[in-house]
Structures are given as structure tokens and as C-alpha cells.
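Observations on chain architecture
These are the residues of each chain, in order.
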Amino acid sequence: MAALGSWIAVTALALSPFGKVADLLQDKASWSATLDRDPVVLVYRLSQADAKECAPWIEALAHFPTGVQESVSWSKGIPDPIVVKGALTKVLKAWEPWSGDDLDYIRNCKNFPCDIKFAEAETKAMEATPRDDRRAKFEALVSERVQRYFRTAERKEYEFPGDPLDPWEGFEKMGASGRPKVPDPLNSMTLWARQLDFAPGEIKRVRQILDWRLAVSPSRDQAAVWVRDLYTNHYFDGWGELFQLSCDPAKSKVTVLQVLSVELDLLKKSDLVSRMMRGKMRKAIEENGQIYLAREFERIKTAALGAAIKN
């Protein structure tokens, strides 16, 4: 858990182009907005809740999101590739079960770009692998991406030239506090995998490998979680999340800022069908992003209030 010296209260932040957090909330319990910066869609949510103590909120924030069953943590040093492979085998249990369609996307990956997100060289490696062995090859290639991230913190390109944008840089420019120290890619890192049904009935279920980090202020009245993807198998060239909370003991309130940053591959495509689908896809991201953030806030709020009652 990182404890960084420079912290800014959520209520003191100004969210460009929307204004100061204190003004956006005023007497409201929540506020939300979206911002399109092609190919990135940013989804914002601000919330306030009663909080006589901050500790239950920080404890709730430290729990993994719903649906995450396996995780592996490192505090320092680059693990041996064999250790990484074993850890990835463990966390990839969260990707099960696989539907027939999901497996077909993998088994049919041979022409670049294919229905799973890979660079051209990776797609060629899939093509050179017998069809029935491609799931194992798929996981091996994902493992290579994870090992590169451990060495360099790089998140490499898929079918479009240029590596994914770093959502953490965007959050930092926004003024958010508690960013994990760089360039050390393993400072208080937890690696986890998940299936995410982000827009049920509208898009494919996605599978992700994520870097999750928790930071708590020395005064223990603020905390932040920073998330970014190492790999996502459909739609998103980049995915990032920020959850930052500030407690005000004098008012018995907690203020929470959430931001979801999605780099959408469809917004990089220039063919006619993709251009026609941009509005629909962007709307799906915006609407389901708000649902996702609201659900995660309620999950943490429920856990925090439950812990406060027990104490």
C-alpha cells in the first residue's frame, strides 16, 4: 500500500471543463458527466455520503470489485517468468467459464486483425498454431504481455499503430492524488483478472488483466485506487479507473470521485460501418459507464456502512 506525501482533497479539485467539485456537488448527493476526447471516453461520477469515520471507507475501498475471485500481489522486485506464469494461471481462473462463441473467437484467430485483440505478430503466432491449441497459445501470448509489463510497465499496441494512452497520466493531470510511484512498475501492485459484462446485450463480454493499486494518505483521511489494464480482449485499447475518497470529520461526510477512462478502438477505425456505429458505441460506453461506476460506489458504500455498524 503506497503512502504518498502530496494529497489533494477531492472537494478542492477542479474537474476541467466542468468546474470545482464543491460547486458541482453543492447540496446534491451525486453528480455525473461524460467527456469525449476521441478515441478516449471519460465517465465521471461524484458522490457524497455520511461517514462518521473514514477507516470503514478505506477498508471497503481495499476490497476487489465484484466478480474478482483470484489475485496475486507483489510489493517489490520483478518476479521470475516462471512465477509470473504460475500467477497468471491462477488469476485466469476468473476468465472461466468460456462460452462456445468466446472460444471460437480464439480458435478462429488467424487473419489480422482477428476477433481478439492482438498485434500483427501475435496474430501470426496464432495462425501458426493448430486450431485446437490456440487457447493455450492465446494465454501464452497474454502472459508475454504481462511479463513485459513487469519489466517495463509498457502496455503495447494491438491492431492500431501506437501504444495505448496511459489513463493514469490523464488522472494525474486532472489533479487526482495518490498515483503509484513511477518508474517502478511493481510498487504495491495487485494483478487480477476478470470477466466484465459491461453493456449486457449490446457488446461482447470482455476479459481483462488489470493492475490494481491502493494508496492511503499519511493522515488516513484520504485514499485512492488506481486501475489500468495490461490486456483487454475486445473493444478497448485502454481501460483505466480512479476511485478517490476524502473524509471530512467535522461534517461527518465522505466525498468520492470516480473516473472511468476508456480508449475505444472503434473510434480509430475509418471504414463506413465503423463511422456509422460510433455514435451508438459511444452512447453505450457513456450509459453503461455510469451504471458501472454507480454499482461500484454502492458496493463500497454498503461494505463501509456494514463495517461501521460492526465496529
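Residues numbered from 1 in each chain as written. Predicted model: local features only at pLDDT ≥ 70, side-chain atom pairs only at ≥ 80, totals over all residues. Heavy atoms only, no water.

So, about the overall build of the protein. The helix and strand inventory of the protein stands at eight helices and ten strands. Out of the 311 residues in the protein, the part that is buried amounts to 53%. At a minimum sequence separation of 6, the contacts of the protein that also span at least 24 residues come to 65%. (Helix = DSSP H or I, 4+ residues; strand = E, 2+ residues; numbered from the N terminus. Buried < 20%, exposed > 50% of the residue type's maximum accessible area, 1.4 Å probe, protein only. Contact = heavy atoms within 4.5 Å.)

This paragraph deals with the confidence of the model for the protein. In low-pLDDT segments, the atomic positions of the prediction should not be examined closely. Confidence in the prediction of the protein, expressed as mean pLDDT, is 87, and 88% of residues score 70 or more. Confidence, read as mean pLDDT per element, is least for strand β5 (residues 71-74) in the protein (62) and greatest for helix α5 (residues 120-127) (98). This model gives residues 1-5 a pLDDT under 50, and the stretch forms 15 contacts once residues within four places in sequence are excluded. (pLDDT = per-residue confidence, 0-100.)

The subject of this paragraph is the pattern of salt bridges. Side-chain pairs of opposite charge can arise whenever the charged atoms involved come near each other. Throughout the structure, instances matching the rule amount to 22 salt bridges. Measuring nitrogen to oxygen at the nearest pair gives 3.0 Å for the salt bridge that ties Asp38 to Arg282. Of this pair, Asp38 sits in the loop between β3 (30-37) and β4 (40-50) while Arg282 sits in helix α8 (residues 272-310), and the two are 244 residues apart along the sequence. Judged by its relative accessible area of 48%, Asp38 is partly exposed. Arg135 serves as the salt-bridge partner of Glu96, at 3.5 Å between the closest nitrogen and oxygen. Of the two residues, Glu96 sits in the loop between α3 (81-91) and α4 (100-107) while Arg135 sits in helix α6 (residues 134-152), which places them 39 residues apart along the sequence. Since its relative accessible area comes to 29%, Arg135 is described here as partly exposed. (Salt bridge = Lys/Arg side-chain N within 4 Å of Asp/Glu carboxyl O.)

Turning our attention to the pairing of β3. Bridge count between β3 and β4: eight bridges; the pairing is antiparallel. Bridge assignment links Leu35 to a residue of β4, and that residue is Leu42. (Pairing = 2+ DSSP bridges.)

For α4, the full list of buried residues reads Asp102, Leu103, Tyr105 and Ile106. Buried residues in α4, looked at end-on, bunch into an arc of 150°, giving them a common side. The elements touched by buried residues of α4 are α5, α6 and β7 (206-216). (Arc of directions from axis to C-beta.)

This brings us to the state of the cysteines. Two cysteines form a disulfide when their sulfur atoms are joined by a covalent bond. In total, this model carries two disulfides according to the counting rule given. Covalently, Cys54 is tied to Cys247 through a disulfide, its sulfur atoms 2.1 Å apart. Disulfide Cys54 to Cys247: torsion about the S-S bond roughly 75°, handedness right-handed. Of the two residues, Cys54 sits in the loop between β4 and α2 (55-61) while Cys247 sits in strand β9 (residues 236-248), which places them 193 residues apart along the sequence. (Disulfide = S-S within 2.5 Å.)

One way to put it is that α5 packs onto α6 with a least axis distance of 10 Å and a crossing angle of 155°. Comparing the axis directions of α5 and α6 gives the class roughly antiparallel. Judged by the sense of rotation from one axis to the other, the crossing of α5 with α6 is right-handed. Along its contact with α5, which presents Glu122, Ala125, Met126 and Glu127, the element α6 presents Arg134, Lys137, Phe138, Leu141 and Arg145. Its residues assigned to classes, the contact of α5 with α6 shows four nonpolar, no polar and five charged. (Axes fitted to C-alpha atoms, helices over the stretch in contact; angles between N-to-C directions. Parallel < 35°, antiparallel > 145°, perpendicular 65-115°, else oblique. Left-handed = near helix turned anticlockwise from the far one by under 90°. Nonpolar A, V, L, I, M, F, W, Y, C, P; charged D, E, K, R; others polar.)

Turning to the environment of Ala250, a few remarks are in order. Note on placement: Ala250 falls in the loop between β9 and β10 (253-264). By relative accessible area, which is 77% here, Ala250 ends up exposed.

As a further point, take the side chain of Gln258. Relative to the helices and strands, Gln258 resides in strand β10. The contact partners of Gln258, leaving out residues within four places of it in the chain, are Val43, Tyr44, Arg45, Ser47, Leu242, Phe243, Leu293, Glu296 and Phe297.

All right, on to α5 then. Turning to α5, its buried residues are Glu122, Thr123 and Met126. Here the buried residues of α5 occupy an arc of 100° about the axis, which is enough to place them on one side. In α5, those exposed residues whose orientation departs by more than 90 degrees from the buried face are Ala121 and Lys124. Next to the buried residues of α5 lie α4 and α6.

Checked against the element boundaries, Ala140 lands in helix α6. When its relative accessible area of 32% is taken as the criterion, Ala140 is described as partly exposed. A sequence separation of 55 residues divides Ala140 from Lys85, and the C-alpha atoms of the two residues are 8.5 Å apart.

What follows is about unusual backbone geometry. For the peptide bond that leads from Ser16 to Pro17, omega is 5°, which places it in the cis range. Here Pro17 shows up in the loop between β1 (14-15) and β2 (19-20). Note that the residue after Phe112, namely Pro113, is joined by a cis bond; omega there is -10°. Phi is positive for Arg220, close to 60°, though the residue is something other than glycine.

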